Every structure is written in structure tokens, then in C-alpha cells.
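In case you want the letters, here they are:
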Amino acid sequence: MSEVARTVVVSSVTLTRRKMDVFRELEEMYREILVELVDYGFGNDIDSFTRLKRDKYRGLRGRFPQLPSHYIYTACQDASARIKSFKKLKKRRVAKTDKPEVKKVSIWLDDHLWRRVGYAGILIYTHKGWIPVDLMVHKLYWKYVNNGWSLKTQPRIRIDYKRRRLLVCFMFAKTINVDENAVKYAISVDVNENNVAVKVFDNAYILETGVKRITIGYAGYRESMQSIKNSRYIGRALHGRERNRKKDIRMKIANIIANTAKKLNAVIVLEDLPKQCPRNMIKDVRDPSVRHRIYQAGFRGIVKAIEEKCLEKGIPVVKVDPKDTSSTCPICNSKLMRGSAPRRLKCLRCGFEAGRDTVAVLNLEKKYLTLKGSMPLTPMPNEPTPEVAVLPLKWWARRKSLDATNKYELMRMSI
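Residues numbered from 1 in each chain as written. Predicted model: local features only at pLDDT ≥ 70, side-chain atom pairs only at ≥ 80, totals over all residues. Heavy atoms only, no water.

So, on to the overall build of the chain. The helix and strand tally for the chain stands at 11 helices and 18 strands. Long-range contacts, defined as pairs at least 24 residues apart, comprise 68% of the intrachain contacts of the chain with a sequence gap of at least 6. Between the averaged position of the 83 positive side-chain charges in the chain and that of its 43 negative side-chain charges there is a distance of 3 Å. (Helix = DSSP H or I, 4+ residues; strand = E, 2+ residues; numbered from the N terminus. Contact = heavy atoms within 4.5 Å. Lys, Arg positive; Asp, Glu negative; His and termini not counted. Charge placed at Lys NZ, Arg CZ, Asp CG, Glu CD.)

Structure representation (C-alpha cells):
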């Protein structure tokens, strides 16, 4: 049994001028309180919500008597979370400042500060009383509401001044029961820079992602924009588009793999990648463009997306050691040599020949079955080789599962 949490952002309708003024005043007071709490907590090495509330509640309540008291409680929780997060970044030596800074503010609400009015509206308690806000609910919101997800009592609101609306962040939770013993099959997944290899039964699917082309393209755009005035803002826009495109690919891959495993009642076998995976891969690479591509490939991001989607659907996930999975013969465990084509490997001992990605998914599946005790540790000379289907992005991106792909569109290669 494990709990899965998801955040869904729902925008409000366009607010009137009076409501915008009320929420603007509320945000200014909340920001002032939050900045004071963060500075006090970090300066006195206090990251506990209870200690912050004990030390600062009375003084802040006296300075802001018109503000509902529970905003001070939620501001203490917000400050505690920010201080803890900054300490973690500083411990990893990736913090960009000497102390935590409050730049963007989301107002935290608790069960005393908001009420739900049906499914398409909420009431927010402010210093001017209860303010009704109508929501523009969308398909993702209804998906969680109608599928047994419980709505948590602490949403957050953020003001969109450009469009004069509120962005309400609802948090849904669901308890998932994952039983690995009930599965019948195993689906192994190997993540690469430009594709994701998936083995289902005797078929290996190579899902091309195009991440390499996206990374190189946007790197060239940013380089050419450096000489243009206001290039900083253009670079941010390009980076945002690149991030969104890669995120879209990750989520589609995770969805298609999870749906396939759900239909087949299978377990997903993934690589147990270390936290410093890109750094370990580039330690012997000198070319700066290749180093940039490896860092931007997002291997762990794809693995995490698949893992979270499988957990959401109640599909068991097993991680195995990825060491030598792309360079060891799955038949006789010998070292593979370079074959007749790029990314083609051949075993000089038993004659097995396959693509590097196909070898990886075969070895991942073999490691899982060996750990489970379903496969002997002896060589397998009569092991059938899988049929490989290379699927470009446009062929699989809109599919719900791998069996939904049109078999007449597949570019097959026999090995």
C-alpha cells in the first residue's frame, strides 16, 4: 500500500477589479509575513513549523490584526518548507545565493481559509471576508475527481496579474495497492539519449524520441541569440519551449508503457540509475557539445516519469543494476564486440548479433528473471531473438499502448 499525490492547477474566471484588489492586498501582506519568517528562521537556524509559530505568531498577529490568523499558520509552514529546501540545496553545493530569497509567492490555504462550492467554485476567506471564485475546470481535474482520488485540504493560490485571474493548485491523493506477485509477464525498458527500447513478449519496440535533435537545435538557437538585444528574455522563452517539449515526450512514453503493462498484467523492469548518472557518463568525454547532450538527455527523468505513472495505475516496478547490460551477450554472458553497423554488437563466442538497445532490454529482463528465480544461470543457446520494430515519434506519440500501433506502418528488422 502506498499513497500517490498529484497536483492539478485550475484557473479561475476573469476576476472583477474589486476581487483583484482584495487578493493583491492579501498577497502583499502574506509576502511581508513570509519574508520576515524566512529571514528569522534561517538567521536563527530554525526550520521547524512549530518553533516558527511559537516565536513569531504573537508579534505578527499584533501587526496584522485584520488578517485571518490561519494565514500566519500557513505562512509558517511555507517558510519552514523553503528553509529546509534551501538547506538541502546548500548541502549539495548547488545553491545560487547565501540565504533563501522569496521571489514567487503562492498563498497556502488550510481548511479554515477555503471551502468548496460544488465542483466548479470555491470560497476564500480573506481580510475582507469570504470571496467567491468561479473555476474553469478542465478534463484532467474531472479525471481525478471521478476516479476515486481524494482532495486534500491545503490548496495553494497564485495570482496571474496579466490575465486577472487566480491559479488554484489542488492536491489529490489516492492509496494504491501494488502486488508484484500477481503479475504474469515482464516488460523491460531501456532509456537512451534518442530512444526508449521496450521488450514485450518476443517483440522489441524502439521508440524514437528525437531528444538529440531538440537539444542540438535549441542550443544553436541560444548561441545565435546571444548577440541580440534582450537576448536574455529570448533565451528564457527558448529554454521553456525546450523543457515543455521534452516533458511532453516523457509523459507520453510513460503513459504508453504503463497502459501496455496494465493490459498485459505485467511488471515493469527499469534501470536503477545513480543520482550522478550524467556526471558519470561524461567524465571521459571532452567534446562540450556531447557533454551538453548527455546532461540534457534526462535519463533519470524518463525513468522517474515511468515509475510515477506505473504507481498511479497500480503497476509494480522493479529496478535492476544496469551495469554491462548494453555490452554483455544475453546468451553466453561474453563481452560483445562492434558489429557490421553503428550500434550493432556481435558475440564472437556464440555468434549472437543484435542492436545495442535490443541487447539492453534482453539483459534487463534476464536479470529480473534471474533475481526472481524464474531463469537458470546457465547459457541459453536456443533463446529466440525478438523481432524489432523501430517506431518514429509521429507513429507512437498518439497511441494509448504499444498494441495499438498499426502493424503495417512498422519498419521491421529481423535479427
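Relative to the assigned elements, threonine 16 resides in the loop between strand 1 (2–12) and helix 1 (17–43). Exposure remark for threonine 16: the relative accessible area of 43% places this residue in the partly exposed category. (Buried < 20%, exposed > 50% of the residue type's maximum accessible area, 1.4 Å probe, protein only.)

A few words now on the sheet that holds strand 15 (residues 344–346). One open sheet accounts for three strands, arranged 14-15-16; its pairing is antiparallel. The open sheet has two edge strands, strand 14 (337–338) and strand 16 (353–355), and neither has a second partner. For strand 15 and strand 16, the ladder comprises three bridges, and the chain directions are antiparallel. Its bridge partner lying in strand 16, lysine 346 is registered against glutamate 353. Relative to the sheet, helix 10 (residues 356–372) contacts strand 15 and strand 16, its axis offset from that of strand 16 by approximately 100°. (Pairing = 2+ DSSP bridges. Axes fitted to C-alpha atoms, helices over the stretch in contact; angles between N-to-C directions.)

In terms of residue burial, strand 17 (residues 387–391) counts as a mostly covered element, since four of its five residues are buried. In terms of strand pairing, strand 11 (residues 203–208) meets strand 17 through five bridges, oriented parallel. Bridging across to strand 17, isoleucine 206 finds its partner in valine 390.

On inspection of all chains with the given rule, the structure shows 11 aromatic pairs. For the ring pair tyrosine 125 and tryptophan 130, a centre distance of 4.9 Å and an interplane angle of 25° mean the geometry is stacked. By relative accessible area, which is 32% here, tryptophan 130 ends up partly exposed. With centroids separated by 5.5 Å and ring planes inclined at 70°, the aromatic side chains of tyrosine 141 and tryptophan 142 adopt a geometry described as edge-to-face. An aromatic cluster is present here, built from Trp114, Tyr119, Tyr141, Trp142, Tyr144, Trp149, Phe170 and Phe172 joined pairwise through their rings. One Lys or Arg, lysine 53, reaches over the ring of tyrosine 73 and ends 5.1 Å from the middle of that ring. Cation over ring: arginine 115 sits above tryptophan 130, and NZ or CZ is 4.3 Å from the ring centre. (Phe/Tyr/Trp six-rings, centres within 6.5 Å; stacked < 30°, edge-to-face > 60°. Lys NZ or Arg CZ within 6 Å of the ring centre and 35° of its normal.)

Here we come to the packing of helix 1 against helix 3 (residues 70–91). Two elements in contact, helix 1 and helix 3, have axes separated by 9 Å at closest approach and are oriented at 50°. If you check the angle between helix 1 and helix 3, you find them oblique. Relative to helix 3, the crossing made by helix 1 is right-handed. Between helix 1, through Leu26, Tyr30, Ile33, Leu34, Leu37, Val38, Gly41 and Phe42, and helix 3, the contact on the second element is made entirely by Tyr71, Ile72, Thr74, Ala75, Cys76, Asp78, Ala79, Arg82, Ile83, Phe86 and Lys90. Residue composition of the contact of helix 1 with helix 3, by class: 14 nonpolar, two polar and three charged. (Parallel < 35°, antiparallel > 145°, perpendicular 65-115°, else oblique. Left-handed = near helix turned anticlockwise from the far one by under 90°. Nonpolar A, V, L, I, M, F, W, Y, C, P; charged D, E, K, R; others polar.)

All right, on to a positive patch on the surface then. On the surface, Arg92, Lys275, Arg300 and Lys304 cluster together into a patch of positive charge. As for its placement among the helices and strands, lysine 304 is situated in helix 9 (residues 299–312). (Patch = residues over 30% accessible without salt bridge, like charges linked within 9 Å, V, L, I, M, F, W, Y side chains within 5 Å. Areas by Shrake-Rupley, 256 points an atom, 1.4 Å probe, with all protein chains shown as cover. Salt bridge = Lys/Arg side-chain N within 4 Å of Asp/Glu carboxyl O.)

We now examine the pattern of salt bridges. Between side chains of opposite charge, a pair can form when the charged atoms approach closely. Applying the stated criterion across every chain yields a total of 18 salt bridges. The partner of aspartate 45 in a salt bridge is lysine 87, with the nearest N and O atoms 2.7 Å apart. Pair noted here: aspartate 45 is in the loop between helix 1 and helix 2 (49–63) and lysine 87 is in helix 3, with a separation of 42 residues, a long-range link. One network of salt bridges, in which partners are shared, links Arg6, Lys143, Lys309 and Glu312.

With that out of the way, let us pick up the nonpolar core. Ranked by size, the top nonpolar core spans 47 residues in total, and within it Phe23, Tyr71, Ile124 and Phe170 carry the most contacts. For this core, the element with the most residues is helix 1, which contributes 10 residues. In contact with phenylalanine 170, not counting residues within four places along its chain, are Arg6, Thr7, Val8, Val10, Trp114, Ile122, Leu135, Tyr141, Leu151 and Pro155. Of all hydrophobic cores here, the second largest spans 37 residues; its members include Ile256, Ile268, Val285 and Ala305. (Core = buried A, V, L, I, M, F, W, Y, C linked by side-chain atoms within 4.5 Å.)

Turning next to unusual backbone geometry. Positioned with a positive phi, phenylalanine 201 is a non-glycine residue whose angle comes to about 55°. With respect to the helices, strands and loops of the structure, phenylalanine 201 is situated in the loop between strand 10 (195–200) and strand 11. For asparagine 265, which is not glycine, the phi torsion reads 55° and is therefore positive. Using a relative accessible area of 33% as the deciding quantity, one classes asparagine 265 as partly exposed.

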